Amino acid sequence: MEQQHHEHWIQMAQNMKEEEKQYRYNGVLYPTIMCPEENLKVLNQFQARSDDILLVAYPKCGFNWMVGVMRKIIAEATGNKTETKMPPILEFFGPENLKAAPSPRFLGTHLHPDNIPATFYEKKVKMLVVFRNPKDTLVSFFHFYNNNPVLPSGQSWDSFFSNFMKGEVSWGSYFEHALAWDQRMDDPAVKVITYEELKQDLSSGVGDISSFFSFSLTQDQVQHITEGSTFRAMKENAGNSHAAIGNVIFRKGEVGDWKNHFTAEQSKEMDEVFQKHLANTKLGARLNYQKFCR
């Protein structure tokens, strides 16, 4: 299904002008092909179930990597080894398509937390939220735009940098997403993890995530999941998991690649914005900006 979806999207994109590939809904840009407006309009009709598992990330913060990790955790914990690929992303599929899925449903979204259907909060659905330092996120998003036929490509680095800083990219402003999640850091149904923490110590990340979702895994299972979940392992498997778009989704997976792209002025501009919005927040502290972005 996933592969058909991607092929269908790529075909649609071939017949579109670059400027038609995004549209604005409630002030935020979205990709026209992946997130049709009719899906966003009916999202508030979505009925969450209390045992849903929701993975949330601003784009290019490690979402697809975590999908692979979560799939392995769920498979080990439930013994259900059926190889499905991506979780249904709420804004890609719309509520109707997800009604019939058996519980527990593994769902995903890139939506701002205020735009996630209220039913998820009412049912206290557990949400795993992935963040990544903003400089590497911007670089990854830049390459994603320019290598993904369904998004407007051909933007120069400078113009993309400026659009990202203004929040004029699909799914909106990184900083607005981060501030909104910072407000929810104490919610017991929300667990925030960072890309950098996972790169540093994946096995303790796998253990933490499993406990959060009340999956009891043995040390051997955690080890097995970790070995199959390194970025390199995921990238090598990307042809199977993400078909034609695998190489676009799994590019480098490095921490610090921003140093190959940012000018000194751009780096300073982002430092100032981070300082202003996130420096004294819990999420800001978790992002360890001094270490990863200086």
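Thresholds applied
- Residues numbered from 1 in each chain as written.
- Predicted model: local features only at pLDDT ≥ 70, side-chain atom pairs only at ≥ 80, totals over all residues.
- Heavy atoms only, no water.
- Core = buried A, V, L, I, M, F, W, Y, C linked by side-chain atoms within 4.5 Å.
- Buried < 20%, exposed > 50% of the residue type's maximum accessible area, 1.4 Å probe, protein only.
- Helix = DSSP H or I, 4+ residues; strand = E, 2+ residues; numbered from the N terminus.
- Contact = heavy atoms within 4.5 Å.
- Axes fitted to C-alpha atoms, helices over the stretch in contact; angles between N-to-C directions.
- Parallel < 35°, antiparallel > 145°, perpendicular 65-115°, else oblique.
- Left-handed = near helix turned anticlockwise from the far one by under 90°.
- Nonpolar A, V, L, I, M, F, W, Y, C, P; charged D, E, K, R; others polar.
- Salt bridge = Lys/Arg side-chain N within 4 Å of Asp/Glu carboxyl O.

Participant: Which parts of the structure should I look at to understand the nonpolar core?
Facilitator: For soluble globular proteins, the rule of thumb is that nonpolar side chains tend to be buried together. By size, the foremost hydrophobic cluster in this structure holds 88 residues, and its most contacted members are Met-66, Phe-120, Phe-164 and Tyr-174. Top contributing element to this core by residue count: helix H3 (residues 63-78), with eight residues. Those residues in contact with Tyr-174, other than ones at most four positions away along the chain, are Tyr-58, Cys-61, Phe-131, Arg-132, Asn-133, Pro-134, Thr-137, Phe-164, Leu-278 and Leu-287.

Participant: Any chance you could explain the packing of helix H6 (residues 134-147) against helix H7 (residues 157-166) here in plain terms?
Facilitator: How two helices sit against one another is set out by the angle between their axes and by the gap between those axes. It is at 10 Å that the axes of H6 and H7 come closest, and there the two elements cross at 125°. If you check the angle between H6 and H7, you find them oblique. When the axes of H6 and H7 are compared, the crossing they make is right-handed. Of H7, the residues touching H6 (which contributes Pro-134, Thr-137, Leu-138, Val-139, Phe-141, Phe-142 and Tyr-145) are Trp-157, Phe-160, Phe-161, Phe-164 and Met-165. Tallied by class, the residues present in the contact of H6 with H7 amount to eleven nonpolar, one polar and no charged.

Participant: Looking at this structure, how should I read the pattern of salt bridges?
Facilitator: It is possible for side chains bearing opposite charge to pair when their charged atoms get close. Counting across every chain of the model gives eleven salt bridges. Salt-bridge contacts for Glu-37 lead to Lys-41; the nearest nitrogen and oxygen are separated by 3.7 Å. Residue Glu-37 and its partner Lys-41 are both found in helix H2 (residues 37-42); the two are separated by four residues, about one turn of the helix. Among the residues examined, Glu-37 registers a relative accessible area of 31% and is labelled partly exposed. We classify Lys-41 as exposed; its relative accessible area is 52%. Measuring nitrogen to oxygen at the nearest pair gives 2.8 Å for the salt bridge that ties Glu-197 to Arg-286.

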